[in-house]
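Listed here are the chains, written in short residue letters.
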Amino acid sequence: SMSGVASRAAQLASSVNLAGKESAETTTKLGGLKEALAVLASFEGLSKLAEGLKDVVEAGEKFDDLKKRFSTAFGGLEEGEKALEQVRDLAKNVPNSFEDVSDAAIALKKAGIDPLNGSLQALLDNAAANNQSQEQLMKTIDDLGKASVKDGVNIKTLVALTEDGIPVFDLLGKAMGVSADRVRELANSGQLGANAIGLLVTSLGQLRAGSAADELG
């Protein structure tokens, strides 16, 4: 019966587990929802329910895709799920959307920077402090990835990072106990080690701490 289809669809919708580990089971349930949607769509008066279910299906498919992307970026299903859970928790305390925070986490990992060691939080705080768009945040991450080269640090990219709203030379100077000019000299002559990027991100995190949470209110 029609009410039976609607009831079954509602049951499926409420049981789709977006945060759980039963990926295959969730996929099966999403398939069932799609079938129910097809039936509901052909009956007038049930379009509202169909719309609600469509949202559940789309959210489920997006999350499933995200789990796959995290598994690829973090080197395995278990590692990906663990990282995704931490990113979900972090996203609750920033104004950025969960999707944007997830994209930033994956981009950092691909750039060779562990997003879960404080770097993602530091960059989200910096984005909030500088009123950066998601596009600008992703550019900053890209610049950070390019800054660390085999023999040290790329001076051009450090300059680009200052344009992204990061006082690179001041932060590194304070962290290293030298002047900003001395940091610039070291970078120019290729004497600034690759560990400078980690130092920079840690210092940035301290400088901008709480900016994203403050914006969230």
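You'll find the structure just up there.
A brief report on the enclosed structure follows. Here the structure is a predicted model, which means the values were calculated and not measured.

Examining the overall build of the protein chain
Part 1: Of regular secondary structure, the protein chain possesses 12 helices and two strands.
Part 2: For the protein chain, the sequential pattern of α-helices and β-strands runs α-α-α-α-α-α-α-β-β-α-α-α-α-α.
Part 3: Considering the protein chain as a whole, with its 217 residues, one finds that 40% of them fall into the buried category.
Part 4: Considering only intrachain contacts with a sequence separation of at least 6, the fraction spanning at least 24 residues in the protein chain is 61%.
Part 5: Carbon and sulfur atoms form 50% of the exposed surface of the protein chain, whose accessible area is close to 11,600 Å².

Overview of the pattern of salt bridges
Part 1: Across all of its chains, the model carries six salt bridges by this definition.
Part 2: Asp103 serves as the salt-bridge partner of Arg69, at 2.9 Å between the closest nitrogen and oxygen. Remark: Asp103 occurs in helix α5 (residues 98-110) and Arg69 occurs in helix α3 (residues 47-74); sequence separation between them is 34 residues.
Part 3: Residue classification places Arg69 among the partly exposed positions, given a relative accessible area of 32%.
Part 4: The closest approach of N and O atoms between Asp143 and Lys139, which form a salt bridge, is 2.7 Å. Here Lys139 and Asp143 lie together in helix α7 (residues 134-147), a separation of four residues that amounts to about one turn.
Part 5: A single network of salt bridges, built from pairs that share partners, joins Lys139, Asp143 and Asp164.

Regarding helix α10 (residues 180-188)
Part 1: Within α10, burial applies to Val183, Leu186 and Ala187. Axial view of α10: buried residues confined to an arc of 100°, hence all on one face. Away from its buried face by more than 90 degrees, α10 exposes Asp181 and Asn188.
Part 2: Among the structural elements, β2 (152-153), α8 (155-163) and α9 (168-176) are those in contact with the buried residues of α10.
Part 3: Taken from the residues just after α10, Gly190 is the one with a positive phi, measuring 75°.

Side note on the packing of aromatic side chains
Part 1: This structure, assessed with the given rule, holds one aromatic pair.
Part 2: Between Phe70 and Phe74, the aromatic rings sit 5.5 Å apart at their centres with planes inclined by 5°, giving stacked as the arrangement. Of this pair, Phe70 and Phe74 both sit in helix α3, separated by four residues, roughly a single helical turn. Taken as a pair, Phe70 and Phe74 share a single burial class, namely buried.

Thoughts on the nonpolar core
Part 1: One finds Phe70, Leu120, Leu158 and Leu192 to be the most contacted residues of the largest nonpolar core, which totals 45 residues.
Part 2: Leaving out residues up to four positions away in the same chain, Leu192 has contacts with Gly152, Val153, Leu158, Leu172, Met176, Val183, Leu186 and Ala187.

Quick word on the packing of α5 against α7
Part 1: For the pair α5 and α7, interaxial distance at closest approach is 10 Å and the crossing angle is 15°. Compared by their axis directions, α5 and α7 come out roughly parallel. Between α5 and α7 lies a crossing of right-handed hand. Across from Asp100, Asp103, Ala104, Ala107 and Leu108 in α5, the residues of α7 making contact are Gln134, Leu137, Met138 and Ile141.
Part 2: Grouping the constituent residues of the contact of α5 with α7 by class yields six nonpolar, one polar and two charged.

Considering a nonpolar patch on the surface
Part 1: Taken together, the side chains of Met176, Val178 and Leu199 define a hydrophobic patch exposed on the protein surface, amounting to about 200 Å² of accessible area.
Part 2: Within the secondary structure, Leu199 sits in helix α11 (residues 196-208).
Part 3: Take Leu199: its relative accessible area is 33%, and that puts it in the partly exposed class.

Some thoughts on helix α6 (residues 119-129)
Part 1: Taken across its 11 residues, α6 has nine buried, putting it largely inside the fold.
Part 2: For α6, the full list of buried residues reads Ser119, Leu120, Ala122, Leu123, Leu124, Asp125, Asn126, Ala127 and Ala128.
Part 3: Looking at the buried residues of α6, the elements they touch are α4 (77-91), α5, α7, α11 and α12 (211-216).
Part 4: Residue Asn131 follows α6 closely and has a positive phi angle near 55°.

Definitions and cut-offs
- Residues numbered from 1 in each chain as written.
- Predicted model: local features only at pLDDT ≥ 70, side-chain atom pairs only at ≥ 80, totals over all residues.
- Heavy atoms only, no water.
- Helix = DSSP H or I, 4+ residues; strand = E, 2+ residues; numbered from the N terminus.
- Buried < 20%, exposed > 50% of the residue type's maximum accessible area, 1.4 Å probe, protein only.
- Contact = heavy atoms within 4.5 Å.
- Areas by Shrake-Rupley, 256 points an atom, 1.4 Å probe, with all protein chains shown as cover.
- Salt bridge = Lys/Arg side-chain N within 4 Å of Asp/Glu carboxyl O.
- Arc of directions from axis to C-beta.
- Phe/Tyr/Trp six-rings, centres within 6.5 Å; stacked < 30°, edge-to-face > 60°.
- Core = buried A, V, L, I, M, F, W, Y, C linked by side-chain atoms within 4.5 Å.
- Axes fitted to C-alpha atoms, helices over the stretch in contact; angles between N-to-C directions.
- Parallel < 35°, antiparallel > 145°, perpendicular 65-115°, else oblique.
- Left-handed = near helix turned anticlockwise from the far one by under 90°.
- Nonpolar A, V, L, I, M, F, W, Y, C, P; charged D, E, K, R; others polar.
- Patch = residues over 30% accessible without salt bridge, like charges linked within 9 Å, V, L, I, M, F, W, Y side chains within 5 Å.

Keep in mind these values describe shape, not function.
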